[in-house]
Amino acid sequence: MILFELKCASDHRFEAWFRDGAAYDAQAAAGTIACPLCGDTQVGKAPMAPRIAKRRGEPAEPVKTVAAPEGGPGNANEKAVALQAEVLRHLGELRRAVEENCDYVGDRLAEEARRIHYGETDPRGIYGEASAEDVAELKEEGVTIHRIPWLPRTNS
């Protein structure tokens, strides 16, 4: 058995066990390996440090294991992966809600936010792009603005 650290096209990293390198190659070619976070089947090996024996015939140092935390099933890695998947799901829902309920103003975000703030146009939800400098200036002026992580759209 061999353990590979893998990553998908979205750079999610995860581990998977295979009978040998050929088994990994066959499954990867068939597209049967999927990212547990996003389901992407474009998966490749991530760089990882090999276990190397100190001297010829001497076994490599054993892999250190960490006991699962008390208070529930699964190990810490499974819980971290589940938490990450939940956060990504919520961020995807946030993106959909913003796109459905707000107007996209592109790179005119700072200008349009000021117009709304100073009553030059009707209040409404907007989203778009702004530089860090523009965001700082808007906050100094008292304009309510928030940066949110903008995840790429998924096929689901």
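Just above sits the structure.
These numbers come from a predicted model, not from an experiment.

*Asks:* Run through the overall build of the chain, naming residues and quoting values.
*Replies:* Summing up its helical and strand segments, the chain has four helices and five strands in all. Put simply, the chain runs from its N terminus to its C terminus through helices and strands in the order β-β-α-β-α-β-α-β-α. Taking all 156 residues of the chain together, 21% fall into the buried category. The contacts of the chain with a sequence gap of at least 6 include a subset with a gap of at least 24, amounting to 39%. As presented, the chain carries roughly 11600 Å² of accessible surface, and 52% of it is formed by carbon and sulfur atoms.

*Asks:* Residue-level account of the packing of aromatic side chains, with values.
*Replies:* Applying the stated rule across the entire model yields four aromatic pairs. With a centroid separation of 5.3 Å and an interplanar angle of 80°, the aromatic rings of F18 and Y24 are classed as edge-to-face. Looking at F18, the relative accessible area reads 4%, which means it is buried.

*Asks:* I'd like a description of the pattern of salt bridges, backed by residues and values.
*Replies:* Per the stated rule, a full pass over the model turns up 11 salt bridges. Of the charged contacts, one joins R114 and E141 as a salt bridge, the two residues approaching to 2.9 Å between their closest N and O atoms. With R114 in helix α3 (residues 109-117) and E141 in the segment after α4 (132-140), this residue pair connects regions lying 27 residues apart in the sequence. Since its relative accessible area comes to 31%, E141 is described here as partly exposed. The network of salt bridges with shared partners includes D103, R108, E112, R115 and R124.

*Asks:* Can you lay out the sheet that holds strand β2 (residues 13-18) for me, pointing to particular residues and giving the numbers?
*Replies:* The three strands lie next to each other as β2-β1-β3, forming an open sheet whose pairing is antiparallel. Of all strands in the sheet, those bounded by a partner on one side alone are β2 and β3 (43-45). Neighbour-to-neighbour, the strand axes of the sheet open up by a mean angle of 45°, direction not taken into account. In this sheet, β3 lies alongside strand β1 (residues 2-8) in antiparallel orientation, the contact comprising three bridges. Looking at the pairing, C8 lines up with V43 of β3.

*Asks:* Could you give me a rundown of the pairing of strand β4 (residues 103-106), with the residues and numbers involved?
*Replies:* For β4 and strand β5 (residues 126-128), the ladder comprises three bridges, and the chain directions are parallel. In the sheet register, Y104 faces β5, and the bridge partner there is Y127. Running through α3, the crossover from β4 to the neighbouring parallel element β5 is right-handed.

Here is what the cut-offs are and how they apply
- In every chain, residue numbers begin from 1 and rise along the written sequence.
- Thresholds applied to this predicted model are a pLDDT of at least 70 for local features of residues and 80 or more for the giving and counting of side-chain atom pairs; totals over whole chains, interfaces and linings are not thresholded and use all residues.
- Hydrogens are left out, water is left out, and the side-chain values use all remaining heavy atoms of the structure.
- Only DSSP runs of H or I reaching four residues or more are called helices, and only runs of E reaching two or more are called strands; each is numbered from the N terminus.
- Burial here depends on accessible area, computed with a 1.4 Å probe over protein chains only, as a share of the maximum for the residue type. Under 20% is buried, over 50% is exposed, and the range in between is partly exposed.
- By definition in these notes, contact holds between two residues if any of their heavy atoms fall within 4.5 Å.
- Areas reported here follow the Shrake-Rupley algorithm with a probe of radius 1.4 Å; residue values treat only the protein chains shown as occluding.
- Aromatic pairs are defined between Phe, Tyr and Trp rings, using the six-membered ring for Trp, whenever the two ring centres lie within 6.5 Å; interplanar angles under 30 degrees are classed as stacked, those over 60 as edge-to-face, and all others as tilted.
- Think of a salt bridge as a Lys or Arg side-chain nitrogen and an Asp or Glu carboxyl oxygen that are within 4 Å of each other.
- At least two bridges found by DSSP between two strands are what make those strands a pair.
- Here an axis means a line fitted to C-alpha atoms, over the contact stretch when the element is a helix, while the angle between two N-to-C directions is reported on a 0 to 180 degree scale.
- Crossovers are described as right-handed under a simple rule: with the strands pointing away from the observer, the path leading from the first strand over the helix to the second runs clockwise.

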